[in-house]
Amino acid sequence: MPPKAANILFDLDGTLTDSRPGILNTIRHALRLLDIEPPRDDELLWCVGPPLHETFARLLPGGETATIERAVSAYVERYDSIGYRENRVYAGVPAMLTTLGANRRLVLVTAKRQQIAESILELFQLRPYFEGVFGIERSGRFADKRQLVHYVVETLGLDRSETVIVGDRIHDIEAGRHNGLFTIGAAWGYGTAQELAGAHHVCELPLHVVPLLE
């Protein structure tokens, strides 16, 4: 059974918003600037969620650090101006946040940079729901989501026994378990059943999270 959920950490991509079009379009843009023909969309779905450096390290096997950095820079340039708008909020998310946020602390914990995460929340009028927004720094700090979640818990003084994390990828589940949190897998996102197998509970739709925590 889930704990008394006084605090809920939410992932962004694949959990609150369907960010696939913007991410894949921008990855293709970055690869073509490096004169590399991008893989098909179905071969890029795993790119929705992981940190950028991890993504391009896998897309450019054997690539030098400088090449990966060029790809990341090209990605950031397009995504910050165009890509983040190629996005949509999953049905049920605003209602879920409205209900859960009425008497709980909601915090965004994402593999995106904080600035662009803030822009996405503002674009879709989701920012008021969240007490704080935490993401990866441009330097790469907090690329490991376990470290990011630890930082958030310590910084905000959250009681681990009353804190839940909701996310759609294995990074979210591992980060939650590593930090002693109750984990909820968002099956409506991009994670596979295998990725979410380690979650304490899996929800099929955003609104299914509400009765679980009430």
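Before reading further, recall that the structure is shown in the block above.
Sequence order as written defines the numbering, with residues in each chain counted from 1. For a predicted model such as this one, the threshold for reporting local features is a pLDDT of at least 70, and the threshold for listing and counting side-chain atom pairs is 80 or more; totals across whole chains, interfaces and linings nevertheless cover every residue. Only hydrogens and water are removed before side-chain values are computed, so all heavy atoms of the structure are retained for them.

A. Broad picture of the pairing of strand β4 (residues 105-113). For β4, the tally of buried residues reaches 7 of 9 residues, placing the bulk of the element in the interior. The criterion for strand pairing is that DSSP finds at least two bridges linking the strands in question. By the criteria applied, helices consist of DSSP H or I runs no shorter than four residues and strands consist of E runs no shorter than two, each listed in order from the N terminus. Sheet analysis places strand β1 (residues 7-10) next to β4, joined by 4 bridges and oriented parallel. The residue of β4 that forms the bridge with Phe 10 is Leu 108. Alignment of β4 against strand β5 (residues 132-136), held across 4 bridges, turns out to be parallel. Note that in β5 the partner of Arg 113 across the bridge is Ile 136. Viewed with both strands pointing away, a crossover whose connecting path from the first strand over the helix to the second turns clockwise is right-handed. Traced from β4 through helix α5 (residues 114-123) to β5, the parallel crossover comes out right-handed. Buried, partly exposed and exposed residues are distinguished by accessible area as a fraction of the type maximum, computed with a 1.4 Å probe on protein chains only: under 20%, between the cut-offs, and over 50%, respectively.

B. Geometry of the nonpolar core. We define a nonpolar core as any set of buried Ala, Val, Leu, Ile, Met, Phe, Trp, Tyr and Cys residues linked to one another through side-chain atoms lying within 4.5 Å. By size, the foremost hydrophobic cluster in this structure holds 51 residues, and its most contacted members are Phe 10 and Phe 56. By definition in these notes, contact holds between two residues if any of their heavy atoms fall within 4.5 Å. What Phe 10 contacts, discounting residues up to four positions off in sequence, is Thr 15, Leu 16, Met 96, Leu 97, Leu 100, Leu 106, Val 107, Leu 108, Val 109, Phe 130 and Val 166.

C. Seen up close, the packing of aromatic side chains. What counts as a ring pair is set by centres within 6.5 Å for rings of Phe, Tyr and Trp (its six-membered ring), and what kind of pair is set by the plane angle: stacked under 30 degrees, edge-to-face over 60, tilted for all other angles. Enumeration over the complete set of coordinates arrives at 4 aromatic pairs. The interplanar angle of 85° and the centroid separation of 6.3 Å between the aromatic rings of Phe 10 and Phe 130 together place this pair among those described as edge-to-face. Remark: Phe 130 occurs in the loop between α5 and β5 and Phe 10 occurs in strand β1; sequence separation between them is 120 residues. Judged on exposure class, the residue Phe 10 and its partner Phe 130 are both buried. Here, a charge over a ring is recorded when the distance from Lys NZ or Arg CZ to the ring centre is within 6 Å and its angle to the ring normal is within 35 degrees. A cation over an aromatic ring shows up here: Arg 58 above the ring of Trp 46, its NZ or CZ 3.7 Å from the ring centre.

D. Fine view of unusual backbone geometry. The backbone of Asp 35 sits at a positive phi, close to 60°, despite the residue not being glycine. Its identity is not glycine, yet Gln 125 carries a phi of approximately 60°, on the positive side. Position of Gln 125 among the secondary structure elements: in the loop between α5 and β5.

E. Inspection of the pattern of salt bridges at higher detail. The working definition used for a salt bridge is a side-chain nitrogen of Lys or Arg within 4 Å of a carboxyl oxygen of Asp or Glu. Applying the stated rule across the entire model yields 15 salt bridges. Taking the shortest distance from any N to any O, the salt bridge between Glu 86 and Arg 78 comes out at 3.1 Å. Judged by its relative accessible area of 15%, Arg 78 is buried. With a shortest N-O distance of 2.6 Å, Arg 113 and Asp 80 are connected by a salt bridge. Note that Arg 113 is positioned in strand β4 and Asp 80 in helix α3 (residues 65-81), a separation of 33 residues in sequence. Judged by its relative accessible area of 30%, Asp 80 falls in the partly exposed class. Taken together, the shared-partner salt bridges connect Asp 11, Lys 145 and Asp 172 into one network.

F. Structural view of the environment of Ala 197. Its place among the elements puts Ala 197 in the loop between α8 (193-196) and β8 (201-203). Separated by 12 residues in sequence, Ala 197 and Gly 185 have C-alpha atoms that sit 8.3 Å apart.

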